[in-house]
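Coordinate analysis (summary)
Each chain is listed here by its residues.
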Amino acid sequence: MAERPDRNWSLWLGVAITLAIVLPAALSLVWTPYPPAAIDIKARLQGWSQAHPLGTDPFGRDVLSLLMAGARNSFGIALGAVALSVGIGVPLGALAAARGGWLDNLLMRGSDLLFAFPAVLTAIMLAAALGPSMGVAILAIGLFNLPVFARVTRSAAVRIWPRAFVQAARLSGKSRTRITLEHVLPNILDQLLVQVTLQLALAILTEAGLGYLGLSVPPPAPTLGRMLADAQSFLAVSPRLAILPGLAIALAVLGLNLLGDGLRDRLDPRLGRQP
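Residues numbered from 1 in each chain as written. Predicted model: local features only at pLDDT ≥ 70, side-chain atom pairs only at ≥ 80, totals over all residues. Heavy atoms only, no water.

1. Digging into the nonpolar core
By size, the foremost hydrophobic cluster in this structure holds 57 residues, and its most contacted members are Val63, Leu67, Trp161, Ile204 and Leu256. Those elements giving two or more residues to this core turn out to be helix 1 (9-27), helix 2 (63-99), helix 4 (119-130), helix 5 (134-160), helix 6 (164-171), helix 7 (176-212), helix 8 (224-231) and helix 9 (240-267). At 12 residues, helix 2 tops the list of elements feeding residues into this core. The contact partners of Leu256, leaving out residues within four places of it in the chain, are Thr18, Phe75, Thr197, Leu200, Ala201 and Ile204. In terms of nonpolar packing, the next biggest core, distinct from the first, is built from 5 residues, Ala96, Leu103, Leu107 and Met108 among them. (Core = buried A, V, L, I, M, F, W, Y, C linked by side-chain atoms within 4.5 Å. Buried < 20%, exposed > 50% of the residue type's maximum accessible area, 1.4 Å probe, protein only. Helix = DSSP H or I, 4+ residues; strand = E, 2+ residues; numbered from the N terminus. Contact = heavy atoms within 4.5 Å.)

Take a look at the structure:
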């Protein structure tokens, strides 16, 4: 039988693209060419130069510094939101699969109810009550993604429970909680990992929308979505102010999606058996 062609190109391409965005964002924690919020009206709307490789914005702020700090804030919100979704959704999905019956129905109907509220609507309600902030954006995106992890976890766990090794563990007297922790979750970890990368991409895209609407981190802290909103009045004068953050968002989403596809190809044994 002929060797199945290597499909891991998407994994490595996804890693390369994601690192190209993540590393400058991480570097901004300790260094940026200029303070991202530093205003210099005399240098406003400058083009490419040695002092400002990507130019300046209408307030004279260095665009490269803004992109680095904006990507850091956008990734931070996305990571926080996905961590919240995983931390609540995975236990709920595992509990639904382990107990079944009315509890399963109750938890899944509850996840349907949460899924009925888009992240933007949730953010608007929370911002009206608490004011726009990073916490509001994390909570809004996290609640929207929570049902995804609950359903993925339940669906994968339900297929594990009838397996012989799980039945043997039950016959040995192990509790459902112990079986879930020792046997079920380790066997669905690969599927959850793939889902995390895909939801990270969606969270970054959602945060960009919230930032554009002013429902994310308040100014002067930059995000990629806020940079797009600030650039819309200057499209004719300086289109790069919108192109650069838009390109950063597109690359981040593309990299994470390719990473998720590559991980799925690598971790799913069924794909390895295909001719």
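2. As for unusual backbone geometry
The peptide bond linking Pro219 to Pro220 adopts the cis configuration, its omega dihedral lying at 10 degrees. Along the chain, Pro220 turns up in the loop between helix 7 and helix 8. At Leu45, a residue that is not glycine, the phi angle is positive and equals roughly 55 degrees. Residue placement: Leu45 occurs in the loop between helix 1 and helix 2.

3. Some points on the side chain of Thr153
By the element assignment, Thr153 lies in helix 5. Setting aside residues no more than four positions away along its own chain, Thr153 makes contact with Val90, Gly93, Ala94, Ile188 and Leu192.

4. Here we look at the environment of Val86
Tracing the chain through its elements places Val86 in helix 2. A relative accessible area of 27% places Val86 in the partly exposed class. For the pair formed by Val86 and Phe149, sequence separation is 63 residues and the distance between their alpha carbons is 6.2 Å. Apart from the residues lying within four places of it in its own chain, the contact partners of Val86 are Pro91, Phe149 and Val196.

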